[in-house]
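# Structure at a glance
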Amino acid sequence: MAPCYPIGLAWLPISVSLSLCITQLTCATGSFPPESCIFSLGITLAAAFAVACVYIWHVYADQVMEKKTKVFKALVDIGTLTGLLSSIGLSVTACFQVSNVPIVHYIGAGVAFSGAVGYMLVVSVISSVYLGQPAVLCGLRWLLSVFGTVAAISFLICRIIGRGDEVDWIPDPSLFDTMTSVNLVIFYLLPASEWTLGLTITLFFLLWVPEFLRIDFQAPLIKPWKNHDSLTNSRSTEVE
């Protein structure tokens, strides 16, 4: 009997979402131990589960689609590539903390966010145009993709214009006396964009649950070890 039969492989996207949720709540408390350790662990687990989800959905889409056109194959490959890049970016973000190696941390975050947005858009196109999935599911995916794209662009603009290192959920009141209106908007828009993008990615993975419920591991097929069997038979013959 196959393992985890009642829920199929739905535990994979659920694990990604739970890891991201816990990590987002933890990273808001600080970037030093022990918070940074929990952050690294959660993001690394999420990246590992995300790689599995990306690969499995690639196989799922390839098997469901009967007539595979060149455009469809290209979209599936592009989606898989962006999904894997996003997972690698997550791993880099987790391993290189912003308090120790900020440049590498920001590069990893940029790769993770841009790859995730690209992956959401590609999956939305494949789901609605080629796989013909339910309109509600496709609509939710497009909605999250649009929100994620807007949040990513907003986050990038704020990061370039403003100083993201000064963002704090409980800032010093005296800080507002020296801030302009533009900096004040960026001060709140930057973390809001980051959290919105993280939330859209988390919810997007949860939309895979209905599909992954239909996928399950099969029991392994054990083939005879021909060389071992022939060697054993020859030895038994010699003894006789």
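The rules we used
Residue positions are counted from 1 within each chain, in the order its sequence is given. At least 70 in pLDDT is required for a residue's local features to be given in this predicted model, at least 80 for side-chain atom pairs to be given and counted, and no such filter applies to totals for whole chains, interfaces and linings, which use all residues. The side-chain values count all of the structure's non-hydrogen atoms but skip hydrogen atoms and water molecules. Starting at the N terminus, helices and strands are each numbered in turn, a helix being any DSSP run of H or I of at least four residues and a strand any DSSP run of E of at least two. Residues count as neighbours in contact if any of their non-hydrogen atoms are within 4.5 Å of one another. Methods summary: accessible areas were calculated by the Shrake-Rupley approach with a probe of 1.4 Å, and residue burial reflects only the protein chains presented. Geometry of aromatic contacts follows a simple scheme: Phe, Tyr and Trp rings, the Trp one being its six-membered ring, pair when their centres are within 6.5 Å, and the pair is stacked under 30 degrees between planes, edge-to-face over 60, tilted otherwise. Relative accessibility under 20% of the residue-type maximum defines a buried residue, over 50% an exposed one, and the middle range a partly exposed one, all with a 1.4 Å probe and only protein chains included. Any residue with an atom within 4 Å of a point lines the site, the site being either a cavity, points on a 1 Å grid over the protein atoms alone where a 1.4 Å probe fits but cannot get out, or a pocket, an open set with protein on both sides within 12 Å along at least 5 of 7 lines. Grid points are joined across faces, edges and corners, and a volume is the space filled by probe spheres set on the points. Put simply, Ala, Val, Leu, Ile, Met, Phe, Trp, Tyr, Cys and Pro go in the nonpolar bin, Asp, Glu, Lys and Arg in the charged bin, and everything else, Gly too, in the polar bin. Scored from 0 to 100, pLDDT records how confident the predictor is in each individual residue. To estimate how far a helix should reach, multiply one less than its number of residues by 1.5 Å. Residues grouped as a nonpolar core are buried Ala, Val, Leu, Ile, Met, Phe, Trp, Tyr and Cys residues, joined through side-chain atoms within 4.5 Å. Convention adopted: a line fitted to C-alpha atoms gives each axis, helices being fitted over their contacting stretch, and angles between N-to-C directions are expressed from 0 to 180 degrees. Oblique is the label for any angle not covered by the other classes, which are roughly parallel (under 35 degrees), roughly antiparallel (over 145) and roughly perpendicular (65 to 115). Two helices cross in a left-handed way if the nearer one is turned anticlockwise from the farther one by less than a right angle. They cross in a right-handed way if the turn is clockwise. Polar contacts here mean pairs of N or O atoms no more than 3.5 Å apart (in protein, one a potential hydrogen donor and the other a potential acceptor; neighbouring residues in sequence count only if both atoms are side-chain atoms). Each patch groups residues whose relative accessible area exceeds 30% and which form no salt bridge, using 9 Å between like charges and 5 Å between nonpolar side chains of Val, Leu, Ile, Met, Phe, Trp and Tyr. Just to be clear on terms, a salt bridge is a Lys or Arg side-chain nitrogen sitting within 4 Å of an Asp or Glu carboxyl oxygen.

## Some points on the overall build of the protein
Of the regular secondary structure elements, the protein holds eight helices and zero strands. Of the regular secondary structure in the protein, the N- to C-terminal order runs α-α-α-α-α-α-α-α. Within the protein, counting contacts between residues at least 6 apart in sequence, those at least 24 apart form 76% of the total. Surface accessibility of the protein: about 14200 Å² in total, with carbon and sulfur atoms responsible for 71%.

## Some points on the packing of aromatic side chains
Per the stated rule, a full pass over the model turns up nine aromatic pairs. Residues W57 and Y60 carry aromatic rings whose centres are separated by 6.5 Å and whose planes lie at 45° to one another, so their mutual orientation is tilted. Taken together, the residues W57 and Y60, both in helix α2 (residues 35-64) and three residues apart, mark about one turn of the helix. Of the two residues, W57 and Y60, neither departs from the other in class, the shared state being buried.

## Side note on empty space enclosed by the protein
Considering all chains together, one arrives at two cavities of 30 Å³ or more under this definition. Size it by volume and the largest cavity reaches roughly 40 Å³. Taken together, V54, W57, H58, L75, V76, G79, T80, Y119, V122, V123 and I126 make up the lining of the largest cavity. Those elements that provide at least two residues to the lining of the largest cavity are α2, α3 (70-95) and α4 (102-130). Within the lining of the largest cavity, the residues separate by chemical class into eight nonpolar, three polar and no charged.

## As for the confidence of the model for the protein
In this model, the protein carries an average pLDDT of 79, and 75% of its residues clear a pLDDT of 70 or more. For the stretch residues 164-172, pLDDT sits under 50, and the model shows 14 contacts to residues farther than four places along the chain or on other chains.

## Brief notes about α4
Because each turn of an α-helix spans 3.6 residues, side chains separated by three or four positions end up pointing in the same direction. With 29 residues, α4 ought to run about 42 Å at 1.5 Å a step, and its terminal C-alpha atoms sit 41 Å apart, in line with that. G132, located one to two residues past α4, shows a positive phi value of around 60°.

## With respect to the nonpolar core
If you look at the biggest cluster of nonpolar residues, it comprises 48 residues, and the most contacted ones within it are W57, I126, I201, W208 and F212. When contributions to this core are tallied by element, the ones reaching two or more residues are α1 (11-27), α2, α3, α4, α5 (135-161), α6 (181-206) and α7 (209-212). It is α2 that provides the largest number of residues to this core, a total of eleven residues.

## Re the packing of α3 against α4
Close contact between α3 and α4 brings their axes to 7 Å; oriented N to C, the two are set at 150°. Classified by the angle their axes make, α3 and α4 are roughly antiparallel. The way α3 lies across α4 gives a crossing that is left-handed. Per-class residue counts for the contact of α3 with α4 are 18 nonpolar, eleven polar and no charged.

## Points about the side chain of S145
Relative to the assigned elements, S145 resides in helix α5. In terms of polar contacts, S145 uses its side chain to reach the side chain of S124, at 2.9 Å. Setting aside residues up to four positions removed in sequence, S145 forms contacts with M120, L121, S124 and F204.

## A short note on a nonpolar patch on the surface
A surface patch of nonpolar side chains, about 560 Å² in accessible area, is lined by L81, L85, I88, I103, I107 and V111. Elements with a contribution of two residues or more to the nonpolar patch: α3 and α4. Tracing the chain through its elements places L85 in helix α3.

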